[in-house]
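# Secondary and tertiary structure notes
Each chain, written out:
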Amino acid sequence: MSTIVYSARRILTMNPNQPSATHVAVRDGRILGAGTLDQLKGWGKFDLDERFRDKVILPGFVEGHSHAFEGGVWKFPYVGYFDRISPEGKRFKGLKSIEEVVAVLAAHEKMLAKDASLLAWGFDPIYFGGRRMDFRDLDKVSTERPVVVIHSNFHVANANSLVLGKAKITRDTNVHGIVKDAAGEPTGELQEMAAKYMAYRAAGVELSAILSDREAVWRFAKVAQLSGVTTATDLHNDLPDSTVEGYLQATSSAEFPIRILPAFAAGSVPPADGVPRLQALMKKNNERLRFQLVKIVTDGSIQGLSARMRWPGYYDGTPNGVWNIGPDDIDRILLAYHKAGFQVHIHTNGDEASEVGIEAVERALVAAPRWDHRHTLQHAQMADAGQFRRMKALGMCANLFANHLFYWGDIHYAKTLGPERAERMDACGTALATGVPFAIHCDAPVTPIGPLFTAWCAVNRLTASGRTLGEAEKISVPDALRAITLGAAYTLKLDEDLGSIDVGKRADFAILEDDPLQVAPEKLKDVGVWGTVLGGKVFEAPKA
Amino acid sequence: MIPFTVIGGFLGAGKTTLLNRLLREVTGRRFAVLVNDFGTLDIDGRLVAAHGGDTVTLANGCLCCTIGDSLVTTLIGLLERPERFDHIVVEASGVADPGRIADLAELEPRLQRDGVIVLVDGVDVRERAADRRLSDTVERQIQAADLLILNKIDIAPDLDTTRDWLCQQTAAPILEACHAGVPLELMFGLDRHGVTADTAPPTCFASWSYTWRDPLPRKVLMDLLQDARRGVLRAKGIVRFDDALDRRFTVHLVGRRLDIRDEGPWGDTPDSRLVLLGLRPMLGCLQRE
């Protein structure tokens, strides 16, 4: 029963009784206490560990909405516009033109085996001044093997002429999602179903598939840990036996650096099968793996033009999006899991989807009253003040997609939502004002995992072009830090166990190079992460 | 190429009922049916030859497969299986646009787009279409239909109004049915090669065969099919047009969708042949050319 006391430049606890401390004592993977060294001495014999004496310790970050698919995509080269850090800690420079993307692909192509396809991910053409990639660009990479470049939204892809030719896609192919140029020729850009199908045919990869094999789960854990995360969700997974086995194997290792919560994809099987399945899976829970969450996906995405919006709909007149699961089924599925005592996370991007989610919860509560269900709207990007008031009244939580403000804020302002709704999107300020418990998230791999960056988004609300989106929805740095620790833990029903540095809780820490309360708010994203502590075990992040 | 049919329609419209009929009836063809959920299918346990998690193989050679999280992976998985199927049928989810799913046949060289069959619930389709959260979903489904089945007419109130409303929504032929009771041959064609109606058709529908020894003026065929548009639910044939004597064209009509394709050199087949299928009372009005 050894006790270690860590000293630090400062410890930010998220415990209002003692917001700041200099030492934290750890025993048996739990927090024995925090305070001054003198205050901790009464617990008896201890070893003083001073390796963090220049660092700042926070509760380990909790990422409430990410996907283990982040670990899957790193199997393939990254060709995005923004810098991104790999699970090994290597920084991949953002590629600022199509020519740069082609050059990186060409270099990668030379390393592939003879019959292999080339697949890359993370591409985003919106910053290239209107120039789109076409098959000619990718033909420069190879005309001998299939080349497919998946966009950062995972709903669009570009292919080379070999891929088009194999599928016999010509000017006469009239299929939704095959983009054609002014002369009517396919450009090689493929959207939605067409993109999914062609990517799968060319490279055997399903764009939004859950690649939770053992290696992918490890890569996901590593990339999360690099950014100070100690608990992360894999927020939509069918959980086939092979995936469950991969999780069990990975999390049985003491070297596995995060706690992971897969959310069961409620739409994948009828609730009559899903409820007992999830109940059985919960018996396999261990220190680092927890089955308890349920996910329902209602609509698509705003930037993918598939969000379900209330009137007046898309700013540029795009028709309303699509339901993944329709309102009747949402009611039915939610009620089944609600009655069984589960907490349900409901993906809603558009405000009509949020409305349907809220009303489904309301009806479930009428049918089966229940306290502290904490059903959570995930994304809730367009939710307005009235919807937040309803969420509060019903005991719901929200997990807001703050990273969207930076990555797609400019598009939302100009095309999808228009100025007014773009300024109030991902309304952390309203959530705070109405008292809806909330978290903020990255939705990795859609955007990179990095809670300090996500907090920076919620604090500064800057778009990639530098526009401030919605002064009134900004939140303070302390509120943002709470949202990535205790706030997120609350939305996962883990707040009694982790999320703050308090007696009896898990010794899960983020070890930072700087004090996020001392740096300028616009520098929050630049605070370095030294590593993490998980259940008392120290994980130093590899240095780039 | 394998014919590819999509069954669409809102929750409760009768998709599963139609699929149950398809799996039960002896058609002499091997169907592979991709569904959202086995649970609602009424598969007689005595007819199950093998059960393998996501698939059920029936004694009549048909295969039933759950779609799970991804139609794309399920469909490709099916095409990679060693056994061959005569027809692939996909049950679209209650909120999906079946037309988008049918597009898969354009992307996959092994598939040939057959029909998009959409069922509508005669009891509540107009109510659904008036719900602002669902109206566009229901309208997209109806507009995607090559053939529309107006189901539950035995219990549907105010059927005339619903029928009129549907006619304004779509140019597709509308079949009326109880318990999705429509002749399967109309839905899924006669057989893989399709140009001869060997089996005696049930009395409720009729087939007409045409044979032309001489090359056919394109206009004659188009006029026939245009003329027949309201009555003909299916047409299939091999035709030699007088403006392209050395080419072999296939004609494929399902509901309102007509596909005429150049399939290569004419070869040594002597005659152009065409089979029309339709409901007897409607088709009876057609004049033989």
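Residues numbered from 1 in each chain as written. Chains lettered and ligands numbered in written order. Predicted model: local features only at pLDDT ≥ 70, side-chain atom pairs only at ≥ 80, totals over all residues. Heavy atoms only, no water.

With that out of the way, let us pick up the overall build of chain A. When helices and strands are counted, chain A shows 19 helices and 23 strands. Radius of gyration (C-alpha) of chain A: 23 Å, near the 24 Å computed for a compact globule of 544 residues. For chain A, the spread of C-alpha atoms along the principal axes amounts to about 80 × 55 × 45 Å. Within chain A, the proportion of its 544 residues that are buried is 62%. Carbon and sulfur atoms make up 52% of the accessible area of chain A, which amounts to about 19900 Å² in all. Computing the positive centroid from 62 side-chain charges and the negative centroid from 65, chain A places the two 2 Å apart. (Helix = DSSP H or I, 4+ residues; strand = E, 2+ residues; numbered from the N terminus. Rg over C-alpha atoms; globule rule 2.2 N^0.38 Å. Buried < 20%, exposed > 50% of the residue type's maximum accessible area, 1.4 Å probe, protein only. Areas by Shrake-Rupley, 256 points an atom, 1.4 Å probe, with all protein chains shown as cover. Lys, Arg positive; Asp, Glu negative; His and termini not counted. Charge placed at Lys NZ, Arg CZ, Asp CG, Glu CD.)

On the chain B side, the residues contacting the 38 residues of chain A number 28 residues. The interface formed by chain A and chain B includes 6 salt bridges. The shortest N-O distance in the salt bridge between glutamate 352 of chain A and arginine 132 of chain B comes to 3.8 Å. Taken together, chain A and chain B are joined by 11 residue pairs in polar contact (both at pLDDT 80 or more). Elements represented by at least two residues in the side of chain A that touches chain B include exactly helix H6 (192-203), helix H10 (327-339) and helix H11 (351-367) of chain A. Take the side of chain A that touches chain B: its biggest share by element is 7 residues, from H6 of chain A. Split by residue class, the side of chain A that touches chain B holds 16 nonpolar, 8 polar and 14 charged. (Contact = heavy atoms within 4.5 Å. Salt bridge = Lys/Arg side-chain N within 4 Å of Asp/Glu carboxyl O. Polar contact = N/O pair within 3.5 Å; in protein donor to acceptor, adjacent residues only side chain to side chain. Nonpolar A, V, L, I, M, F, W, Y, C, P; charged D, E, K, R; others polar.)

Let us look at the packing of helix H7 (residues 214-226) of chain A against helix H8 (residues 241-251) of chain A. Residues and elements named next belong to chain A. The interhelical angle for the contact between H7 and H8, taken along N-to-C directions, is 50 degrees, at an axis separation of 8 Å. Our classification of the angle between H7 and H8 gives oblique. You can see that H7 and H8 cross each other, and the crossing is right-handed. The segment H7 lies against H8, with Arg214, Val217 and Trp218 engaging Gly246, Tyr247, Gln249 and Ala250. The residue makeup of the contact of H7 with H8, split by class, is 4 nonpolar, 2 polar and 1 charged. (Axes fitted to C-alpha atoms, helices over the stretch in contact; angles between N-to-C directions. Parallel < 35°, antiparallel > 145°, perpendicular 65-115°, else oblique. Left-handed = near helix turned anticlockwise from the far one by under 90°.)

Note that isoleucine 178 of chain A resides in strand E12 (residues 178-180). Take isoleucine 178 of chain A: its relative accessible area is 9%, and that puts it in the buried class. For isoleucine 178 of chain A, the residues in contact, after removing those within four places along its chain, are Ile169, Thr173, Pro186, Glu189, Leu190 and Ala194 of chain A together with Leu107 of chain B.

Here we come to the sheet that holds strand E9 (residues 174-176) of chain B. Consider a sheet: its strands pair through backbone hydrogen bonds, and that pairing is either parallel or antiparallel. Residues and elements named next belong to chain B. Overall, mixed pairing links the 9 strands, which are arranged E3-E4-E5-E2-E6-E1-E7-E8-E9 in an open sheet. Only two strands of the sheet have a single partner each, and these edge strands are strand E3 (48-51) and E9. For this sheet, the mean inter-axis angle between neighbouring strands, taken without regard to orientation, is 20 degrees. In terms of strand pairing, strand E1 (residues 2-8) meets strand E7 (residues 111-121) through 6 bridges, oriented parallel. Bridging across to E7, phenylalanine 4 finds its partner in arginine 113. Where helix H2 (residues 71-80) meets the sheet, it contacts E1, strand E2 (31-35), strand E5 (63-66), strand E6 (87-91) and E7, and its direction lies at approximately 160 degrees from that of E2. (Pairing = 2+ DSSP bridges.)

Here we take up the pattern of salt bridges. With the rule as written, the count across this model stands at 58 salt bridges over all chains. A salt bridge links aspartate 136 of chain B to arginine 308 of chain A; the shortest N-O distance between them is 2.8 Å. Of this pair, aspartate 136 of chain B sits in helix H6 (residues 135-144) while arginine 308 of chain A is found in the loop between strand E16 (293-297) and H10, placing the two residues in two different chains. With respect to burial, aspartate 136 of chain B and arginine 308 of chain A carry one shared label: buried. Between arginine 128 of chain B and aspartate 328 of chain A there is a salt bridge, and its shortest N-O distance comes to 2.7 Å. Here the residue arginine 128 of chain B occupies a position in helix H5 (residues 125-130), and aspartate 328 of chain A occupies one in helix H10, the pair thus bridging two chains. We classify arginine 128 of chain B as buried; its relative accessible area is 18%.

All names here are of chain A. When the domains of chain A are assigned, the result is domain 1 (76-203) and domain 2 (266-499). Distance from the C-alpha centre of domain 1 to the C-alpha centre of domain 2: 30 Å. Contact residues are listed per partner, giving 10 residues for domain 1 and 11 residues for domain 2. Note on domain 1 versus domain 2: buried area summed over both sides is about 900 Å², and carbon and sulfur give 63% of it. On the surface where domain 1 and domain 2 come into contact, there are 2 residue pairs in polar contact (both at pLDDT 80 or more). Residues that form the side of domain 1 that touches domain 2 fall into these classes: 5 nonpolar, 2 polar and 3 charged. (Domains from an automatic or database assignment. Buried area = accessible area lost by both parts, 1.4 Å probe.)

Residue and element names in this part refer to chain A. Following the sequence through the fold, histidine 441 ends up in the loop between strand E20 (438-440) and helix H17 (451-460). According to the relative accessible area criterion, histidine 441 is buried, its value standing at 0%. Setting aside anything within four residues of it in sequence, one finds histidine 441 in contact with Glu63, His65, Gln378, His379, Asn399, Leu400, Phe401, Ala402, Asn403 and Thr454.

Now for the sheet that holds strand E9 (residues 118-123) of chain A. Residue and element names in this part refer to chain A. Across the sheet, 5 strands lie side by side as E9-E10-E11-E13-E12; this open sheet has mixed pairing. In the strand order of this sheet, the two ends are held by E9 and E12, each with one partner. Neighbour-to-neighbour, the strand axes of the sheet open up by a mean angle of 25 degrees, direction not taken into account. One ladder, built from 2 bridges, connects E12 with strand E13 (residues 186-191); its direction is antiparallel. Bridge pairing in E13 places isoleucine 178 opposite leucine 190. Contacts from helix H3 (residues 98-109) reach E9 and strand E10 (147-151) within the one sheet, and its direction differs from that of E9 by about 145 degrees. Against the sheet, H6 touches E9, E10, strand E11 (156-159), E12 and E13, its axis set at about 100 degrees to E13.

To continue, consider helix H9 (residues 271-282) of chain A. All names here are of chain A. Here H9 contains 12 residues, and its C-alpha end-to-end distance of 16 Å stays within 8% of the 16 Å for a straight helix at 1.5 Å per residue. Where H9 is concerned, the buried positions are Pro271, Gly274, Val275, Leu278 and Leu281. The buried residues of H9 occupy an angular sector of 130 degrees when projected down its axis, which confines them to one face. Buried-residue contacts for H9 involve H8, strand E15 (259-265), E16 and H10. (Expected span 1.5 Å × (residues − 1). Arc of directions from axis to C-beta.)

Residues and elements named next belong to chain A. With an omega of 10 degrees, the peptide bond between tryptophan 311 and proline 312 qualifies as cis. A cis amide bond links alanine 444 with the next residue in sequence, proline 445, at an omega value of 10 degrees. Inspection of the secondary structure assignment puts proline 445 in the loop between E20 and H17. Here leucine 305, not a glycine, exhibits a phi torsion of approximately 60 degrees, which is positive. When you line up the elements, leucine 305 lands in the loop between E16 and H10. Assessed through its relative accessible area of 38%, leucine 305 is described here as partly exposed. A positive phi angle is found at histidine 379, which is not glycine, with a value near 85 degrees.

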